[in-house]
Amino acid sequence: MITIYTWLANAVKALEKAKNDGILDGYCIPKREVYYLLSHVLGKNSAYLMAFGEEQLNDVEIAQLNHILEQRLEGRPIAYILGIKEFWSLPLKVSQATLIPRPDTESLIEKILELYSNKALSVLDLGTGTGAIVFALAKERPNWQFLGVDLISDAVDLALENKVRLAQLISDIDRIDFRQSNWFDTIDREECFDIIVSNPPYICESDEHLSQGDVRFEPKTALVSLANGLADLNHITKSAKKHLKKGGHLFLEHGYLQHESVKTLFLSHGYKNIQSYQDYNGKDRITFAQYGGL
Ligand SMILES: C[S@@+](CC[C@H](N)C(=O)[O-])C[C@H]1O[C@@H](n2cnc3c(N)ncnc32)[C@H](O)[C@@H]1O
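Residues numbered from 1 in each chain as written. Predicted model: local features only at pLDDT ≥ 70, side-chain atom pairs only at ≥ 80, totals over all residues. Heavy atoms only, no water.

## A short note on the overall build of the protein chain
Part 1: When helices and strands are tallied, the protein chain shows 11 helices and 9 strands.
Part 2: Relative to its length of 294 residues, the protein chain is compact, with a C-alpha radius of gyration of 21 Å against a globular reference of 19 Å.
Part 3: Along the first, second and third principal axes, the C-alpha set of the protein chain runs to 70 × 45 × 30 Å.
Part 4: Within the protein chain, the fraction of its 294 residues that count as buried is 51%.
Part 5: In the protein chain, once contacts between residues fewer than 6 apart in sequence are set aside, the share between residues at least 24 apart is 67%.
Part 6: Of the roughly 14300 Å² of accessible surface on the protein chain, 50% is carried by carbon and sulfur atoms. (Helix = DSSP H or I, 4+ residues; strand = E, 2+ residues; numbered from the N terminus. Rg over C-alpha atoms; globule rule 2.2 N^0.38 Å. Buried < 20%, exposed > 50% of the residue type's maximum accessible area, 1.4 Å probe, protein only. Contact = heavy atoms within 4.5 Å. Areas by Shrake-Rupley, 256 points an atom, 1.4 Å probe, with all protein chains shown as cover.)

Following this line, the structure appears as structure tokens:
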């Protein structure tokens, strides 16, 4: 018979090998992931797993554990296997309809919170995916109103499902709306927001990262943009002007080599106070600026 501890030790070794072989990317932390897999199947937390490592696993548990371990060894992201990813300490449901929220995007949240207090204001999130940006801001700013849009209807359904799941963790959840839209296409011409934020697709279609790590399993609609990755960033920068209140900010997440290009886009469309900001890895991944009334 196999104990929790034996299965854990073998699984860690297998994941370490897959990481060394380049099947799993550098973000994979084998031991932590194996605890996640065990917790998912056995319904026990890591304290239990550590305390009762000598407990024997039954055949059904072993079959389930081996099945999800095999998926991970083929490179399938752990978040897609578990169906959950934590973002800003919120448990978000994830699916292959959209991107798995990244810790880097939390630095975008921090910047917005630093600039804006809880005074009532409106936020538009373009390409909302799971709704990660909306939910994180809504948790911290109970007076704000939100609209999140996405091109992909399954992503909108996912964000709506997360809205229901997070109702206990975020006050007055009905101030959050989600809808399907191709960027601004369904936004009324007159409708303006204090803040527009987006983490749009920005990877060039020939970028080698698309065939590595977790990204291989994520939809191209969430990742790839034409014009060397800049087409959507350009479209948003140009169109957001008509939907920002005077002096409102547009915040964009982008690739680590794109900040100069994004600054140029902001400049060419007449924005002011353009600034880039670093993510947790010290890369310029966020650029924001103000439009009108300055
Ligand atoms: C990089 S993901 C970001 C998801 C989420 N905001 C986050 O930060 O985790 C980009 C999102 O933009 C959406 N998207 C792509 N093209 C779009 C378009 N033309 N209009 C609206 N959303 C779009 C994708 O479906 C995807 O959910």
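## Concerning helix α6 (residues 105-115)
Part 1: Burial within α6 is extensive, with 8 of its 11 residues counted as buried.
Part 2: Taken together, the buried positions of α6 are occupied by Thr-105, Glu-106, Ser-107, Leu-108, Ile-109, Lys-111, Ile-112 and Leu-113.
Part 3: Each element contacted by the buried residues of α6 is listed here: β1 (84-87), α7 (132-140), β6 (193-198), β7 (244-253), β8 (272-278) and β9 (284-291).

## Things to note about the UniProt feature "binding site: substrate" (unreviewed entry) in the protein chain
Part 1: The UniProt entry lists Asn-199, Pro-200, Pro-201 and Tyr-202 under the feature "binding site: substrate" (unreviewed entry), expressed in the numbering used here.
Part 2: By secondary structure assignment, the location of Asn-199 is in the loop between β6 and α9 (220-223).
Part 3: Take Asn-199: its relative accessible area is 16%, and that puts it in the buried class.
Part 4: Sequence-distant contacts of Asn-199, defined by excluding residues within four places in its chain, comprise Leu-99, Thr-105, Leu-126, Gly-127, Ile-133 and Glu-253.
Part 5: Inspection of the secondary structure puts Pro-200 in the loop between β6 and α9.
Part 6: Owing to a relative accessible area of 2%, Pro-200 belongs among the buried residues under this scheme. (UniProt positions renumbered as here; feature names shortened; annotations may be inferred.)

## Quick notes on the site of the ligand
Part 1: Neighbouring the ligand are 19 residues; Thr-98, Gly-127, Asp-150, Asn-182 and Trp-183 lie closest to it.
Part 2: Backbone polar atom of Gly-127 to a nitrogen atom of the ligand: 2.8 Å apart, as the coordinates give it.
Part 3: The separation between a nitrogen atom of the ligand and a polar side-chain atom of Asn-182 is 2.8 Å.
Part 4: Here the ligand loses 96% of its free accessible area of 590 Å² to cover by the protein chains. (Near = heavy atom within 4 Å. Polar contact = N/O pair within 3.5 Å; in protein donor to acceptor, adjacent residues only side chain to side chain.)

## Observations concerning the UniProt feature "domain: Methyltransferase" (unreviewed entry) in the protein chain
Part 1: Using the residue numbers shown here, the UniProt feature "domain: Methyltransferase" (unreviewed entry) corresponds to residues 118-261.
Part 2: Split by type, residues 118-261 is 27% helix and 22% strand. Its first and last C-alpha atoms lie 32 Å apart.

## Examining the pattern of salt bridges
Part 1: Applying the stated criterion across every chain yields a total of 11 salt bridges.
Part 2: One salt bridge connects Lys-245 with Asp-194, and the closest N-O pair in it is separated by 3.3 Å. Of this pair, Lys-245 sits in strand β7 while Asp-194 sits in strand β6; the two residues are 51 residues apart in sequence, bridging distant segments of the chain.
Part 3: Taken together, the salt bridges that share partners define one network made up of Asp-104, Glu-253, Asp-279 and Arg-285. (Salt bridge = Lys/Arg side-chain N within 4 Å of Asp/Glu carboxyl O.)

## Re the packing of aromatic side chains
Part 1: Tallied over the full model, the rule gives 7 aromatic pairs.
Part 2: A centroid spacing of 6.3 Å and a plane angle of 40° characterise the contact between Trp-144 and Phe-146, whose relative ring orientation is tilted. Phe-146 carries the same exposure label as Trp-144, and that label is buried.
Part 3: A connected cluster of aromatic rings, assembled from ring pairs, spans Tyr-116, Trp-144 and Phe-146.
Part 4: Over the aromatic face of Tyr-48 sits the side chain of Lys-44, whose NZ or CZ is 4.8 Å from the ring centroid. (Phe/Tyr/Trp six-rings, centres within 6.5 Å; stacked < 30°, edge-to-face > 60°. Lys NZ or Arg CZ within 6 Å of the ring centre and 35° of its normal.)

## Remarks on the domain arrangement of the protein chain
Part 1: Domain boundaries assigned for the protein chain yield domain 1 (4-75) and domain 2 (96-291).
Part 2: Computed over C-alpha atoms only, the centres of domain 1 and domain 2 are separated by 34 Å.
Part 3: Counting the surface lost from both domain 1 and domain 2, the interface buries some 370 Å², and carbon and sulfur atoms represent 29% of this.
Part 4: For the domain 1 face of the interface with domain 2, the top three residues by lost area are Ile-23, Asp-25 and Gly-75, together amounting to 67%.
Part 5: Remark: the boundary between domain 1 and domain 2 carries 1 salt bridge.
Part 6: Among the salt bridges present, the one from Arg-72 reaches Asp-214, with a minimum N-O distance of 3.9 Å.
Part 7: A breakdown of the residues in the side of domain 1 that touches domain 2 according to their chemical character gives 2 nonpolar, 1 polar and 3 charged. (Domains from an automatic or database assignment. Buried area = accessible area lost by both parts, 1.4 Å probe. Nonpolar A, V, L, I, M, F, W, Y, C, P; charged D, E, K, R; others polar.)

## Remarks on the environment of Val-149
Part 1: Summarising the element assignment, Val-149 is placed in strand β4 (residues 145-150).
Part 2: As a C-alpha pair, Val-149 and Gln-180 span 31 residues in sequence and 5.4 Å in three-dimensional space.
Part 3: In this structure, Val-149 is in contact with Leu-124, Asp-125, Leu-126, Gly-127, Thr-128, Arg-179, Ser-181, Trp-183 and Ile-187, ignoring residues within four places of it in sequence.

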